Amino acid sequence: MGMGRSYGNKDSLADDPKKIVLPNEQVFEQVRQFLAEGKSVIFSPKGNSMLPFIRGERDSVELAPVEKPLEVGDIALFSTGGRFFLHRLFAIDGERLTFMGDGNSRGKEHCKEGDVIGVVTRIIKKNGRELRPGKGKFWRMLLPFRRYMMAVLTRTFYYEDRKRLYSKETVG
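For the structure given in this document, a descriptive report is provided here. What you see is a predicted model; the values in this text were computed from it and never measured.

### Some thoughts on the environment of glycine 103
- One can find glycine 103 in the loop between β5 (96–100) and β6 (109–112).
- Judged by its relative accessible area of 21%, glycine 103 is partly exposed.
- In this structure the C-alpha to C-alpha distance between glycine 103 and methionine 50, which are 53 residues apart in sequence, comes to 4.9 Å.

Structure, rendered in structure tokens:
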């Protein structure tokens, strides 16, 4: 999930007294520090690039320090080009890692192992249900069909999410 983009009017978030909006750089620098101390961190990512498995601003993820070599299929938080992403590892080519969001039908991000901040160990759904992330092997095999599958999903099951995201935008 691209963490560099914000949707809608940030002032609308200020209406919720329980939320504090901080710049990504500040948040993820703190996340780096906690992970370096061996702690895990839970946060709610933004965006829809990890649909259908992680719904932005609805589900939460637990990040843990990277303690073993990453494997294709791991979901990780990483930084590249000054932006932060929470995507699935798609390919490993020596030092070069290629990531792609589960909800994306094209577009990949590349980084080095040192750019990875943490790995997702748990997905916490809005209803409190906890899931261990799988490797997404079957989902990766469906890449040629994802565009069509995601079109159906976002127009049916995720319609309310889209409506909520776009209702935050201001007109005029």
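### Digging into the nonpolar core
- Judged by nonpolar contacts, the single largest core of 16 residues is most densely connected at Val31, Ile54, Val61, Leu63, Leu77, Leu86 and Val120.
- Looking at this core, the elements with two or more residues in it are α2 (24–36), β1 (41–43), β2 (60–64), β3 (75–80), β4 (83–93) and β7 (116–124).
- Look past the residues within four positions of valine 120 in its chain and what remains in contact with it is Val61, Glu62, Leu63, Ile75, Leu86 and Pro133.
- Counting 10 residues, the second-largest nonpolar core is a separate cluster that includes Leu70, Phe78, Leu97 and Val119.

### Structural notes on the pattern of salt bridges
- On inspection of all chains with the given rule, the structure shows 8 salt bridges.
- A salt bridge links lysine 39 to glutamate 37; the nearest nitrogen and oxygen atoms lie 3.1 Å apart.
- With a relative accessible area of 41%, lysine 39 lands in the partly exposed category.
- One salt bridge in this structure joins lysine 135 and aspartate 74, with 2.3 Å as the shortest N-O distance.

Reading guide: rules and limits
- Residues numbered from 1 in each chain as written.
- Predicted model: local features only at pLDDT ≥ 70, side-chain atom pairs only at ≥ 80, totals over all residues.
- Heavy atoms only, no water.
- Helix = DSSP H or I, 4+ residues; strand = E, 2+ residues; numbered from the N terminus.
- Buried < 20%, exposed > 50% of the residue type's maximum accessible area, 1.4 Å probe, protein only.
- Core = buried A, V, L, I, M, F, W, Y, C linked by side-chain atoms within 4.5 Å.
- Contact = heavy atoms within 4.5 Å.
- Salt bridge = Lys/Arg side-chain N within 4 Å of Asp/Glu carboxyl O.

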